[in-house]
Amino acid sequence: HNTTALWMKSARSTSTVNRETFMRFDLSRLAGRVVRSAELQLSSTEPDIAAVGQTHLVANDAWTETGITWATKPAVGALLQSWPLAADYVQLIDVSASTTTEAAGDGLLSLRHSIQSQVNSAPVYKYASREHATSALRPRLRVRHSEVWPSFAAWMAGFSSVPPNQRDPDDDPDGDGLRNLEEYARRTPPHLAQAFTPSFLVVRDSGGASRLILPQGATLPAGVQPILEYNTRLSANGWQALPRSVR
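What comes next is a walk through the structure.

Reading the values: the criteria
- Residues numbered from 1 in each chain as written.
- Predicted model: local features only at pLDDT ≥ 70, side-chain atom pairs only at ≥ 80, totals over all residues.
- Heavy atoms only, no water.
- Salt bridge = Lys/Arg side-chain N within 4 Å of Asp/Glu carboxyl O.
- Buried < 20%, exposed > 50% of the residue type's maximum accessible area, 1.4 Å probe, protein only.
- Pairing = 2+ DSSP bridges.
- Helix = DSSP H or I, 4+ residues; strand = E, 2+ residues; numbered from the N terminus.
- Axes fitted to C-alpha atoms, helices over the stretch in contact; angles between N-to-C directions.
- Contact = heavy atoms within 4.5 Å.

Describing the pattern of salt bridges
Right, on to step 1. For the coordinates displayed, the defined rule picks out 7 salt bridges.
Right, on to step 2. A salt bridge links Arg130 to Glu131; the shortest N-O distance between them is 3.2 Å.
Right, on to step 3. Residue Arg179 is joined to Glu182 by a salt bridge in which the shortest nitrogen-to-oxygen separation is 3.5 Å.
Right, on to step 4. Judged by its relative accessible area of 36%, Arg179 is partly exposed.
Right, on to step 5. Residue Glu182 is classed as partly exposed on the basis of its relative accessible area, which comes to 23%.

What about the sheet that holds strand S6 (residues 90-94)?
Right, on to step 1. Here 3 strands make up an open sheet; going across it, the order is S6-S3-S9 and the pairing antiparallel. The sheet terminates laterally at S6 and strand S9 (140-147), the two strands that pair on one side only. Going across the sheet, the axis of each strand differs from the next one's by a mean of 20°, ignoring polarity.
Right, on to step 2. With 5 bridges joining them, strand S3 (residues 33-43) and S6 adopt antiparallel strand pairing. If you follow Leu42 over to S6, its bridge partner there is Gln91.
Right, on to step 3. Relative to S3, helix H1 (residues 96-104) is tilted by about 125°, and along the sheet it contacts S3, S6 and S9.

Re the sheet that holds strand S4 (residues 51-58)
Right, on to step 1. Strand order across the open sheet formed by 4 strands is S2-S7-S4-S5, with antiparallel pairing between neighbours. One side of each edge strand has no neighbouring strand; the edge strands of this open sheet are strand S2 (21-26) and strand S5 (79-84). Shown here is a sheet whose adjacent strand axes are inclined to one another by a mean of 20°, direction ignored.
Right, on to step 2. Direction of pairing for S4 relative to S5: antiparallel, over a ladder of 5 bridges. In the sheet register, Val52 faces S5, and the bridge partner there is Pro84.
Right, on to step 3. This element, H1, spans S4, S5 and strand S7 (108-118) of the sheet and lies at about 155° to S7.

This is how it looks when you write it as structure tokens:
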């Protein structure tokens, strides 16, 4: 409704003073990730709890903040949640399923918030907008997610500048000493040469066991299995794999 507050009201007998709030979130940063949960936080700026709110999914993402009116507002879809106004004036709304669906779709999540019922028809329920002076009160979409690392072939296909004859796991198109499979494991681009630390750190503990540690808390993509070999003669031949366990 204005630059600092989002208004909601349901005066059913006088529809001309009803108020609804529309929001849209860009989910493009979730590409290639699995959504574990998503929760929207709305903070009231004029506390009042004598009402029940509701949140609907909006399939049409083409509306604009400056262009939307009561006459042009998009149709709403499924009801995502009904929520009695919180006693602490901080509304937490579960939007996990819709965030998962939209992140895998067009990458945009549109929502409509409205008042389902209110005890007194006079109040207007106000929540902080993204322009509110206090950043802690602004709407927040909190998403827990985990990364889905692509297969080696899919990862390599994303680098169009790598010549066709330099796309095998053992090739090193940028000449930096890291083969493509090592670049894949380290999540570094295979076509840009760069200085690097050892791919793995080898640490021997007090019991005599050797451990391979990825630096900087990195993780290995699915399907990449490190092998530590030893050779008592340090010759080109005769290397044997050590027994291993994964922690």
